[in-house]
Amino acid sequence: MDKEKHRKPRIVVLASGRGSNFQSIIDAGKLGKLNGEIAGLISDNPHAFVLKRADKYGIPKIVVERGAFISDEDFQSGLIGAAKQFCPDLLVLAGFMRLLGKNFLNEFKDRIINIHPSLLPAFRGLNAQKQALEYGVKYTGCTVHFIDEGMDTGSIIDQRVVPVLPGDTEEILASRILREEHVLLVECINAILGGRVKRDGRKVTIIGG
Ligand code: GAR
């Protein structure tokens, strides 16, 4: 039997914090609803709760701290080395709060996705939920996109819309968006690993999606 042909696609998650999106990928796997397996977790934050989640489920993890490197270029090389150890088919940024450099992007071309808590191109960068509240939009949401060199500028794979309701605080809105993130991220991972995502420049189509 050709082992390579029959192996499950390998997903590597990069996360900096709480890791609820990481958990949603784990949960999908446990339910047999993931088109792949989580090969490993990479975090830039040694104190992140996401590391505890990896331990709980026996998922291999590597911490790559920015402070351990003199330059950003060296840090990026550290991230590349860590990711390569897991032989990823797909890299998923799930609350990873650092920009990936050119070398990282070239190494894993078209195999890196990110989840962002707004309807891009609105409210890029940090505190997207706060930005949406302050702007006064009636609808916001979440976006999964391919990574390019900009901040939250890559081709959009899919989005989910969430209403902004009277009396919303940043925390309430963030948790309403988060519920949709957990569904959207797994859907996009499955579509990509199932070969259902076609790219034509910025235009991405999910076949049957
Ligand atoms: C999520 O809301 C994710 O969209 C956001 O960080 C949170 C991580 O939550 N990412 C960004 O803002 C990236 N620009 P989690 O650690 O519970 O998955």
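The rules behind each value
- Residues numbered from 1 in each chain as written.
- Predicted model: local features only at pLDDT ≥ 70, side-chain atom pairs only at ≥ 80, totals over all residues.
- Heavy atoms only, no water.
- Helix = DSSP H or I, 4+ residues; strand = E, 2+ residues; numbered from the N terminus.
- Buried < 20%, exposed > 50% of the residue type's maximum accessible area, 1.4 Å probe, protein only.
- Areas by Shrake-Rupley, 256 points an atom, 1.4 Å probe, with all protein chains shown as cover.
- Lys, Arg positive; Asp, Glu negative; His and termini not counted.
- Charge placed at Lys NZ, Arg CZ, Asp CG, Glu CD.
- Near = heavy atom within 4 Å.
- Polar contact = N/O pair within 3.5 Å; in protein donor to acceptor, adjacent residues only side chain to side chain.
- Nonpolar A, V, L, I, M, F, W, Y, C, P; charged D, E, K, R; others polar.
- Salt bridge = Lys/Arg side-chain N within 4 Å of Asp/Glu carboxyl O.

Caption draft 1: Region of the structure containing the overall build of the protein. Summing up its helical and strand segments, the protein has 7 helices and 9 strands in all. With respect to the three principal axes, the spread of C-alpha positions in the protein is 55 × 45 × 35 Å. The proportion of buried residues among the 209 residues of the protein is 46%. Of the accessible surface of the protein, which amounts to about 11,000 Å², a share of 51% is contributed by carbon and sulfur atoms. Across the protein, the centroid of the 29 positively charged side chains sits 4 Å from that of the 25 negatively charged ones.

Caption draft 2: Fine view of the site of the ligand. Around the ligand sit Arg18, Gly19, Ser20, Asn21, Gly95, Met97, Ile115, His116, Pro117, Leu178 and Glu181, and those are all the residues in its vicinity. Within the backbone of Gly19, a nitrogen or oxygen atom sits 2.7 Å from an oxygen atom of the ligand. Between the ligand and the protein, one listed contact pairs an oxygen atom with a side-chain N or O atom of Glu181 at 2.8 Å. Look at the ligand: alone it shows 450 Å² of surface, and the protein chains cover 90% of it. For the shell around the ligand, a count of residues per class yields 4 nonpolar, 5 polar and 2 charged.

Caption draft 3: Fine view of the pattern of salt bridges. Considering all chains together, one arrives at 11 salt bridges under this definition. The salt bridge involving Asp89 is made with Arg7; its shortest N-O contact spans 2.9 Å. You can see Asp89 sitting in the loop between α4 (72-85) and β4 (90-93) and its partner Arg7 sitting in the loop between α1 (3-6) and β1 (10-14), a full 82 residues away along the chain. Take Asp89: its relative accessible area is 27%, and that puts it in the partly exposed class. Ionic pairing is found between Lys61 and Asp55, a salt bridge with its closest N-O pair at 2.7 Å. A network of salt bridges, in which partner residues are shared, links Arg160, Glu180 and Glu187.

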